[in-house]
Protein chains: 2
Amino acid sequence: MDKQLTAREIRELCREGKYFSPTIGNLLKYVQANIISLPKYYAFDFLLFCQRNQKSCSLLEVLEAGECSLENAAKVNIKTDLPRYLIFKKGQQEECLNIKDVWQTDLVTFIFDSSVNFDYSLIKAGIPVRHINQKRNMPLYETNIDCCSAGGFSSKMVVSMRPVKYQDLMKTIEITRQFPSAHGEPIHIGDPEAIGIKDLFAPDYGQAVAIHHREVPVFWASAATAKKAVAESQIDFFITNAPGHMLVTDQEVA
Amino acid sequence: MDKQLTAREIRELCREGKYFSPTIGNLLKYVQANIISLPKYYAFDFLLFCQRNQKSCSLLEVLEAGECSLENAAKVNIKTDLPRYLIFKKGQQEECLNIKDVWQTDLVTFIFDSSVNFDYSLIKAGIPVRHINQKRNMPLYETNIDCCSAGGFSSKMVVSMRPVKYQDLMKTIEITRQFPSAHGEPIHIGDPEAIGIKDLFAPDYGQAVAIHHREVPVFWASAATAKKAVAESQIDFFITNAPGHMLVTDQEVA
């Protein structure tokens, strides 16, 4: 990928159907976001679910019903400017490059800050991020940790994992704590089974990464929790971005 | 007032109609909260307004439609356990001791953390709080600061004011910053006119307090902003607590 492209240029290429690769691992200097669009009928209960589970459901913004633009992404159109979308309708899932044909004016779009946004800060501090080095989609795992339910929404927490050298552990905690709106500090360190994860090399979503000698697996709450809660609810129509194919905003990572 | 009463005993006295005084200034060691109940039809837009204006609209909890209890106040009944309520119906306002007769199962109750919750910490640190010493209702002012609107909700920010000695100023900022969910650090220091306040001795709500030599007026965002936004919206039925007559929770102020 051409490293010179700005966030806005990426969004324009998406709109033209010419960019449909993962954004994760690329474009590190821009804040990236996951989206979920669902009918307004369910929006209060879902916003309440997010409010009650902020560590996982770290909202960057919520758009009003039918709205497709947001401030920190100039001239963005939510319907076309992400590389890939998933449409969920009556239990069926379809992947596509835009959602123009299925858009409804009663759709409320929730925009979630992503933990990839602190990856850049870790790298700047000299702490390698394995899924970026291995050019993989970040590994995500379902845990046995209950979220607080709200209306028809409930879920176990989904977490991301990064292997960290013991000698970098405190610095990693310190840095990620500075991103409270992007999941913040880890929710668990070291023992996958303690949070219900049986096999680190078989993630529930994304791809497995290598864990080396003298490294410990570190877990952060993930906005995939929000998607799981919607997928397991009674809603029969909603839209998300494809995993790792996020909205690239104009905002630079701090 | 009997200083020995627990939060739960206060709530029971409210329920029996035997406690109907302000809670502000009393019961300092318990977290106190303001409430707004409104029809679920408006709940998403209002929750979004709160989400976009967190400094003013500091939510402690949001209950589901019809729900009247919350975790950090054992056996509470929102309909009876506050000392005084205000019912707003078609432009009319009525004060009463409970809301049993007007309750609707579609009412969603928003519970806001109050800046009185850091008053106790200020006092413990040796910083006097004037409205408590003068046994007055905290002075509140409308400002010229715009909130972010959401749906049919928009408002100027309402602020509380405490006079602070210059020598205590940095310590006051430091302490209140530790209460991000109760409005946090000040939004302005020193020049009332700069934020649209013409006369400090004529607050828009509550009561004026004395300002002494070598003191500076310090302003914090107030949850009265949320109430103003609802009052100025199209909603023709909602309920709040009477100013200063708050829900007393079991949670002790940190």
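What counts and how
Residues numbered from 1 in each chain as written. Chains lettered and ligands numbered in written order. Predicted model: local features only at pLDDT ≥ 70, side-chain atom pairs only at ≥ 80, totals over all residues. Heavy atoms only, no water. Salt bridge = Lys/Arg side-chain N within 4 Å of Asp/Glu carboxyl O. Helix = DSSP H or I, 4+ residues; strand = E, 2+ residues; numbered from the N terminus. Buried < 20%, exposed > 50% of the residue type's maximum accessible area, 1.4 Å probe, protein only. Pairing = 2+ DSSP bridges. Contact = heavy atoms within 4.5 Å. Axes fitted to C-alpha atoms, helices over the stretch in contact; angles between N-to-C directions. Buried area = accessible area lost by both parts, 1.4 Å probe. Polar contact = N/O pair within 3.5 Å; in protein donor to acceptor, adjacent residues only side chain to side chain. Nonpolar A, V, L, I, M, F, W, Y, C, P; charged D, E, K, R; others polar. Least-squares fit on C-alpha atoms with pLDDT ≥ 70 in both.

Undergrad: Quick rundown of the pattern of salt bridges? Include the residues and the values.
TA: All names here are of chain A. What the rule picks out here adds up to 32 salt bridges over all chains. Residue E142 pairs with K228 through a salt bridge whose shortest N-O separation is 3.4 Å. Of the two residues, E142 sits in strand 6 (residues 140–146) while K228 sits in helix 6 (residues 224–231), which places them 86 residues apart along the sequence. Looking at E142, the relative accessible area reads 28%, which means it is partly exposed.

Undergrad: Kindly report on the sheet that holds strand 9 (residues 215–221) of chain A, identifying the contributing residues and their values.
TA: Residues and elements named next belong to chain A. Judged by pairing direction, the sheet is antiparallel, and its four strands sit side by side in the order 6-7-9-8 without closing on themselves. At either margin of the open sheet sits one strand with a lone partner, and together these are strand 6 and strand 8 (188–189). Where strand 7 (residues 156–165) meets strand 9, seven bridges bridge the pair, whose relative direction is antiparallel. The partner of K165 across the bridge, within strand 9, is E215. Relative to the sheet, helix 6 contacts strand 6 and strand 7, its axis offset from that of strand 7 by approximately 155 degrees.

Undergrad: Give me the lowdown on the interface of chain B and chain A, citing residues and values where you can.
TA: How large an interface is tends to be reported as the accessible area lost when its parts come together. If you look at the interface, chain B gives 19 residues, while chain A gives 19 residues. Between chain B and chain A, the buried area comes to about 1,500 Å², and carbon and sulfur atoms account for 56% of it. At the boundary of chain B with chain A, the tally comes to six salt bridges. The partner of K40 of chain A in a salt bridge is D45 of chain B, and the shortest N-O contact between them spans 3.2 Å. Viewed at the interface, chain A and chain B are joined by 10 residue pairs in polar contact (both at pLDDT 80 or more). Secondary structure elements with two or more residues in the side of chain B that touches chain A: helix 2 (43–52), strand 2 (59–62) and strand 5 (107–113) of chain B. In terms of residue count, helix 2 of chain B provides more of the side of chain B that touches chain A than any other element does, seven residues in total. Classifying every residue of the side of chain B that touches chain A gives 10 nonpolar, three polar and six charged.

Undergrad: I'd like to hear about the sheet that holds strand 6 (residues 140–146) of chain B, residue by residue, with values.
TA: Residues and elements named next belong to chain B. The sheet built from four strands is open, its strands ordered 6-7-9-8 with antiparallel pairing. This sheet does not close on itself; its edge strands, each paired only once, are strand 6 and strand 8 (188–189). Taken strand by strand, helix 5 (residues 169–177) contacts strand 7 (156–165), strand 8 and strand 9 (215–221), and its axis lies near 15 degrees from that of strand 9.

Undergrad: An account of the relation of the copies chain B and chain A is requested, with residue identities and associated values reported.
TA: Each copy superposes on the other: chain B lies on chain A with an RMSD of 0.0 Å after a rotation of 180 degrees and an axial shift of 0.1 Å. Interpreted geometrically, this transformation is the action of a two-fold axis. Among all C-alpha atoms of chain B, that of F44 of chain B lies closest to the rotation axis, at 2.1 Å. Most of the interface of chain B is mirrored in chain A, where 100% of its interface residues are also at the interface.

Undergrad: Tell me about the side chain of K228 of chain A, and please be specific about residues and values.
TA: What makes K228 of chain A buried here is its relative accessible area of 8%. Separated by 2.8 Å, the side chains of K228 of chain A and E232 of chain A make a polar contact.

Undergrad: An account of the side chain of S115 of chain B is requested, with residue identities and associated values reported.
TA: Residues and elements named next belong to chain B. By secondary structure assignment, the location of S115 is in the loop between strand 5 and helix 3 (116–124). There is a polar contact of 3.1 Å between the side chain of S115 and the side chain of R162. Apart from the residues within four sequence positions on either side, S115 is in contact with M138, S160, R162, A182 and H183.

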